[in-house]
Amino acid sequence: MVTLQLSCPIIVKPQAKLPILGLARNQQKHLSKLPSSFPASLYICSSQEPHYPIPLFPPVDQSVAAVVFGDGSESRLYPLTKRRSEGAIPLAANYRLVDAVVSNCINSNINKIYALTQFNSTSLNLHLSRAFTGILRGKDGFVEVIAAYQSLEDQDWFQGNADAIRRCLWVLEEYPVTEFLILPGHHLYKMDYQRLIEAHRNNKADITIVALNAIRDKHPGFGFLRVNPANQVIEFSMKSERETITSISGKSSRKSDSVASGNFPSMGIYLINRDTMSRLLKEYLPEATDLGSEVIPAAISIGMKVEAYLFDGYWEDMRSIEAFYHANMECIKRSNMRYNFYDRDCPVYTMPRCLPPTMIREAVIRDSVVGDGCIINRCKIKGTIIGMRTRIGDGAVIEDSVIMGADFYQEEDIQSSGKCINHKAIPVGIGEDTQIKKAVIDKNARIGKNVLIINKDGVQEGDREANGYIISEGIVVILHGAEIADGSII
């Protein structure tokens, strides 16, 4: 058993406390020694950089609170989000997507974490409330779940992330923090948030937006930043889903004598001063519902100091089933692993479970990851993620797939009697002599005997939800709890 420990506490050097700046501020340029190809004060972070302690004042664990969002009502990972939010989707055999973001906070010494949830949040709320209590207990920290609610003042549910923060400020402002770190809870990346906080404070910014230091084939959907050589965001634009028009734009009223240094896609991560957040949501924009499309452009337009912080490490925002599939495949690479689940300096934390070791009986397994508590009989597995409590029958062949596992054991798995006791003709798991290739099998699926899940016709898109599966970008997805009869061919 591997015991994961938090990194050593940050060494704090007392300095003069930075003031909380007001809404109006004259433009300032802060020079730093960087290559001439970058603007004078452009901060670039890489997930591959060594993580050295950075002295900050006030201490990060006392002055910064993270606000993590599960996701919105419109998910691009359906049907994996049919009964759960994106943050609760299983990942890499033992984890959930939200674990990566919360682990970034813990590894960055941010111990006050609020999770604002609403849509299909039962699974996510349960996981968050159980997973991190023990880890943060000794750090005077917490993960507090704030589920959407109705009150006498507000009869509606959360209308967006800005509306959710506004309605929860009475909880978020309970501790005397100076900044709020706003984080989507379903992205996969590793970042030392302490470097972001240091850049934000050195720049004396009101808001710092984290952006990718490269244009991707598909824009993330969080908007584009136009940054000047002084590292200030002078324009923020949001494109429609069809990427045809610029729908929302905020331009700074500040005059700039130099040409903008470039456009960078936002990652949807914002570090916002506490006072700035309160004034924006309560005074300037009391009806705004979304940070990206309303609050950030307005902050730029009224002259707030909005800075950019560029990130050049691995980042996956799970915009599709294909993206989710390839993110899982990262953990079985032999080399050039872009996201390392085995990094002892920046571990990924999750819910501790009391499961037995995996049982393997004459199976041939290559280049795969197997979770806890599996029962794997005489089969062949290659390039596959096997989730917890997965049962695989004799003669099965599984290649290049993601098997999410099960939430429970059936009696026949334990007794090896071969008889089904709970009135289901097909037990949970993968049946004998079944072949699966390039597929995602959601939890508690019942795959019968002699089934072929190989997309034999090479279909790219197909909706067979009534039959227990869909096909997205050539990847077969078996729904949660679906039953695939013996001898079926997909």
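The structure displayed is predicted, hence computed values, not measured ones.

**Looking at unusual backbone geometry**
A cis amide bond links tyrosine 78 with the next residue in sequence, proline 79, at an omega value of 10°. Within the element layout of this structure, proline 79 appears in the loop between β2 (64–69) and β3 (90–91). Of note in the backbone geometry, alanine 92 takes a positive phi value of approximately 50° without being a glycine. With respect to the helices, strands and loops of the structure, alanine 92 is situated in the loop between β3 and β4 (95–96). Assessed through its relative accessible area of 6%, alanine 92 is described here as buried.

**A few points about the packing of helix α5 (residues 161–172) against helix α7 (residues 274–284)**
The interhelical angle for the contact between α5 and α7, taken along N-to-C directions, is 105°, at an axis separation of 10 Å. Here α7 runs roughly perpendicular to α5, going by the angle between their axes. In this structure, α5 contributes Ala162, Ile165, Arg166 and Leu169 to the contact, and α7 contributes Met277, Ser278, Leu281 and Lys282. Class assignment for the residues of the contact of α5 with α7 results in five nonpolar, one polar and two charged.

**Digging into the nonpolar core**
With 55 residues, the main nonpolar core has Phe324, Ile392, Val440, Ile441, Ile447, Ile453 and Ile478 as its most contacted residues. Elements with a minimum of two residues in this core: α2 (97–107), α9 (321–329), β21 (385–386), β24 (402–403), β27 (439–441), β31 (469–472) and β32 (475–478). Counting residues per element, this core draws most heavily on α9, at five residues. Residues in contact with isoleucine 447, not counting those within four places in the same chain, are Ile426, Pro427, Gly429, Ile430, Gly431, Thr434, Ile441, Ile453, Ile478 and Ile484.

**What about the sheet that holds strand β18 (residues 369–370)?**
As summarised here, the arrangement of the seven strands in space is β18-β21-β24-β27-β32-β31-β30, forming an open sheet in which the pairing is mixed. If you trace the sheet from one side to the other, it starts and ends with β18 and β30 (461–464), each paired once. By the bridge criterion, two bridges tie β18 to β21 in an arrangement that is parallel. Within β21, the residue paired with valine 370 across the bridge is isoleucine 386. Across the sheet, α9 touches β21, β24, β27, β31 and β32, and the angle it forms with β32 is around 90°.

**Describing the sheet that holds strand β26 (residues 435–437)**
A sheet is described by the order of its strands in space; here five strands give the open sequence β17-β20-β23-β26-β29, paired in parallel fashion. Only two strands of the sheet have a single neighbouring strand rather than two, namely β17 (364–366) and β29 (452–453). Where β26 lies against β29, two bridges are found, and the strand directions are parallel. Residue pairing for β29: isoleucine 436 is matched across the bridge by isoleucine 453.

**Points about α5**
Over its twelve residues, α5 runs only 14 Å from end to end, short of the ideal 16 Å by more than 12%, given 1.5 Å per residue. α5 sits mainly inside the fold: ten of its twelve residues count as buried. Those residues of α5 not exposed but buried are Ala162, Asp163, Ala164, Ile165, Arg166, Arg167, Cys168, Leu169, Val171 and Leu172. Structurally, α5 contributes buried residues whose contacts are with β2, β5 (112–117), β6 (142–147), β7 (179–184), α7 and α8 (291–301).

**Observations regarding the packing of aromatic side chains**
The full count for this structure, using the stated rule, is seven aromatic pairs. With a centroid separation of 6.0 Å and 85° between ring planes, the pair formed by tyrosine 149 and phenylalanine 158 is classed as edge-to-face. Classification of tyrosine 149 by relative accessible area gives partly exposed; the value is 22%. Here a set of aromatic residues connected by ring pairs shows up, and it is made of Tyr95, Tyr314, Tyr339 and Phe341.

**Quick look at the confidence of the model for the protein chain**
For the protein chain, mean pLDDT is 82; residues scoring 70 or higher make up 78% of the total. This model gives residues 242–248 a pLDDT under 50, and the stretch forms 14 contacts once residues within four places in sequence are excluded. A low-confidence stretch, residues 414–423 stays under pLDDT 50, and its non-local contacts, those more than four residues away or across chains, total eleven contacts.

About the criteria used
- Residues numbered from 1 in each chain as written.
- Predicted model: local features only at pLDDT ≥ 70, side-chain atom pairs only at ≥ 80, totals over all residues.
- Heavy atoms only, no water.
- Helix = DSSP H or I, 4+ residues; strand = E, 2+ residues; numbered from the N terminus.
- Buried < 20%, exposed > 50% of the residue type's maximum accessible area, 1.4 Å probe, protein only.
- Axes fitted to C-alpha atoms, helices over the stretch in contact; angles between N-to-C directions.
- Parallel < 35°, antiparallel > 145°, perpendicular 65-115°, else oblique.
- Contact = heavy atoms within 4.5 Å.
- Nonpolar A, V, L, I, M, F, W, Y, C, P; charged D, E, K, R; others polar.
- Core = buried A, V, L, I, M, F, W, Y, C linked by side-chain atoms within 4.5 Å.
- Pairing = 2+ DSSP bridges.
- Expected span 1.5 Å × (residues − 1).
- Phe/Tyr/Trp six-rings, centres within 6.5 Å; stacked < 30°, edge-to-face > 60°.
- pLDDT = per-residue confidence, 0-100.

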